[in-house]
Amino acid sequence: MAGYILKKTAVCLATLFCVLVFIFVSARLTGNPFEVMYPEGLEPGQLEQYNAKYGLDQSYGKQFLMYLENALRGDFGDSLVERRPVTQIFFQRAGETLKLGVWAFLISVTLGVTLGIVMAIYRDSLPAKILDQMISLLYAVPGFILAVVLLLVFSYWLRLLPSQGGQTPLHYVMPAACLSMGPIISISRHVRNGILDTLSQDYIRTAVAKGIGKRNTILRHAFRNTLIPTLTQISMVVVDIITGSLVIEQVFSWPGIGTTLVNSVLNRDFPVIQFSVLMLAAVVILVNYILDILYMAADPRVEAGGEGK
């Protein structure tokens, strides 16, 4: 167990370092940020002064070493646009993204698991078949298309929900619905298929033959065996919500990390890009790390290499 955790920790740290190197170099390949900030040009010598001030006149290797040295002291730089620490900007906006993400996560897991169980219990009924077809149709719809449709229907036509911002509970409805739609469908189909596969096992047939009943058998036995693989699927929900927020927050003008990151990319605000991507990657890595440990604890067959016998 200790060896497995140590190995996973080393892999996570190495992955996070690779993400930092990739985003550090990729951001700088887009060009000089001051060309965007001053599209009409600068006075002679000003560009060189700005580059020297922010270390952009150095090679990528020297810039990266300087960044690491400062980061180890807790200094991740200042925003080139807002001229204040990127940590302050990130954590100020992270609260808004976190609130939206928590609601989307709770909705995704609750409705996804519930729909999966219902579709497995009543799989031969007409409503379950119609629901399965509707889910298949919605799964093919990109999140930003769904966001635009919801805006048109509930904001511009019916005028029931606000279209921008995040001040009131009503502002959460459409963004949370868009972020949770894909995860709901993924979890529900995963749970449904897992339960149906388990129902084909001999011991489940024996339980049904003893008079336990199909519904009780599904809830007591089949779903329990589906739960561990579902943990892995749930970890992907976090990834879907984080990546989805980059687009959904822009559509609804949500004052969160997604909007901040997109704007920083457009403005070539390197410090904000680096720290935001690093933190988002750390969240994704941490969630998968925790679920790997839980999977290890739940299934003793998992060895240090992550494979069961």
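About the thresholds
- Residues numbered from 1 in each chain as written.
- Predicted model: local features only at pLDDT ≥ 70, side-chain atom pairs only at ≥ 80, totals over all residues.
- Heavy atoms only, no water.
- Salt bridge = Lys/Arg side-chain N within 4 Å of Asp/Glu carboxyl O.
- Phe/Tyr/Trp six-rings, centres within 6.5 Å; stacked < 30°, edge-to-face > 60°.
- Buried < 20%, exposed > 50% of the residue type's maximum accessible area, 1.4 Å probe, protein only.
- Helix = DSSP H or I, 4+ residues; strand = E, 2+ residues; numbered from the N terminus.
- Axes fitted to C-alpha atoms, helices over the stretch in contact; angles between N-to-C directions.
- Parallel < 35°, antiparallel > 145°, perpendicular 65-115°, else oblique.
- Contact = heavy atoms within 4.5 Å.
- Nonpolar A, V, L, I, M, F, W, Y, C, P; charged D, E, K, R; others polar.
- Core = buried A, V, L, I, M, F, W, Y, C linked by side-chain atoms within 4.5 Å.
- Left-handed = near helix turned anticlockwise from the far one by under 90°.
- Patch = residues over 30% accessible without salt bridge, like charges linked within 9 Å, V, L, I, M, F, W, Y side chains within 5 Å.
- Areas by Shrake-Rupley, 256 points an atom, 1.4 Å probe, with all protein chains shown as cover.
- Expected span 1.5 Å × (residues − 1).
- Arc of directions from axis to C-beta.
- UniProt positions renumbered as here; feature names shortened; annotations may be inferred.

Asker: Any chance you could explain the pattern of salt bridges here in plain terms?
Answerer: A side chain with one charge can pair with a side chain of the opposite charge if their charged atoms come near. Applying the stated criterion across every chain yields a total of five salt bridges. Across the pair Arg-73 and Glu-69 runs a salt bridge whose closest N-O atoms are separated by 3.5 Å. Salt bridges sharing partners connect three or more residues here, namely Glu-82, Arg-84 and Arg-93.

Asker: Please clarify how the packing of aromatic side chains should be interpreted in this entry.
Answerer: How two aromatic rings sit relative to each other is set out by the distance from centre to centre and by the angle between their planes. Evaluated as defined, the whole model comprises 12 aromatic pairs. Relative to Phe-76, the ring of Tyr-67 has its centre 6.3 Å away and its plane inclined at 65°; by these criteria the two rings are edge-to-face. Summarising the burial analysis for this pair, Tyr-67 and Phe-76 share the class buried. Centre to centre, the rings of Phe-76 and Phe-275 are 4.7 Å apart; their planes meet at 55°, and the pair counts as tilted.

Asker: Even after reading the chapter, I still don't get unusual backbone geometry, so can you show me in this structure?
Answerer: Keep in mind that most residues, glycine aside, have a negative phi and that most peptide bonds are trans. A positive phi angle, close to 55°, is found at Arg-83, a residue other than glycine. Tracing the chain through its elements places Arg-83 in the loop between α4 (60-72) and α5 (86-121). Non-glycine residue Arg-159 carries a positive phi angle of around 55°. With respect to the helices, strands and loops of the structure, Arg-159 is situated in the loop between α7 (143-157) and α8 (170-199). We classify Arg-159 as exposed; its relative accessible area is 66%.

Asker: When you look at the packing of α5 against helix α11 (residues 257-266) in this model, what are you seeing that I'm missing?
Answerer: When two helices pack together, their arrangement is captured by the angle between the axes and the distance separating the axes. Relative to each other, α5 and α11 sit at 135°, their axes nearing to 8 Å. Accordingly, the angle class assigned to the pair α5 and α11 is oblique. On α11, the residues touching Ile-89, Phe-90, Arg-93, Ala-94 and Thr-97 of α5 are Ile-257, Gly-258 and Thr-260. Here the contact of α5 with α11 is built from residues that sort into four nonpolar, three polar and one charged.

Asker: Any chance you could explain the nonpolar core here in plain terms?
Answerer: If you look at soluble globular proteins, the nonpolar side chains tend to sit buried side by side. Ranked by internal contacts, the top residues of the largest apolar core, which has 25 residues, are Cys-178 and Phe-252. Among the elements of the structure, α5, α7, α8 and α10 (214-251) are those that each provide at least two residues to this core. Ranked by the residues each element gives to this core, the list is headed by α8, at eight residues. Setting aside anything within four residues of it in sequence, one finds Cys-178 in contact with Gly-143, Leu-146, Ala-147, Leu-150, Ile-248 and Phe-252.

Asker: Can you help me understand the packing of helix α1 (residues 2-29) against α4 in this one?
Answerer: Here α1 crosses α4 at 130°, and the two axes come no closer than 11 Å. As judged from the angle between their axes, α1 and α4 are oblique. Read as a crossing pair, α1 and α4 show a hand that is right-handed. Contacts between α1 and α4 involve Phe-17, Leu-20, Val-21, Phe-24, Val-25, Arg-28 and Leu-29 on the former and, on the latter, Tyr-60, Gln-63, Phe-64, Tyr-67 and Leu-68.

Asker: What should I look at first to understand a nonpolar patch on the surface in this one?
Answerer: A cluster of nonpolar side chains, Val-148, Leu-152, Phe-154, Tyr-156, Trp-157, Leu-158 and Leu-160, forms an exposed patch at the surface whose accessible area comes to about 730 Å². On the secondary structure map, Tyr-156 appears in helix α7. By relative accessible area, which is 47% here, Tyr-156 ends up partly exposed.

Asker: Looking at this structure, I do not really get helix α6 (residues 126-139). What am I missing?
Answerer: Residues lying three or four places apart along an α-helix face the same way, a consequence of the helix completing one turn every 3.6 residues. With 14 residues, α6 should cover 20 Å at 1.5 Å per step; its first-to-last C-alpha distance of 20 Å lies within 8% of that length. For α6, the full list of buried residues reads Ala-128, Asp-132 and Ile-135. Each buried residue of α6 sits inside an arc of 65° when the element is viewed along its axis, so together they form one side. Projecting away from the buried face of α6 at angles above 90 degrees are the exposed residues Leu-126, Pro-127, Gln-133 and Leu-137.

Asker: Quick question: what am I supposed to make of the UniProt feature "transmembrane region" (unreviewed entry) in the chain here?
Answerer: The sites that carry the UniProt feature "transmembrane region" (unreviewed entry) are, in the present numbering, residues 100-122, 134-158, 170-187, 230-252 and 272-291. Secondary structure content for residues 100-122 is 96% helix and 0% strand, while the C-alpha to C-alpha distance between its ends is 32 Å.

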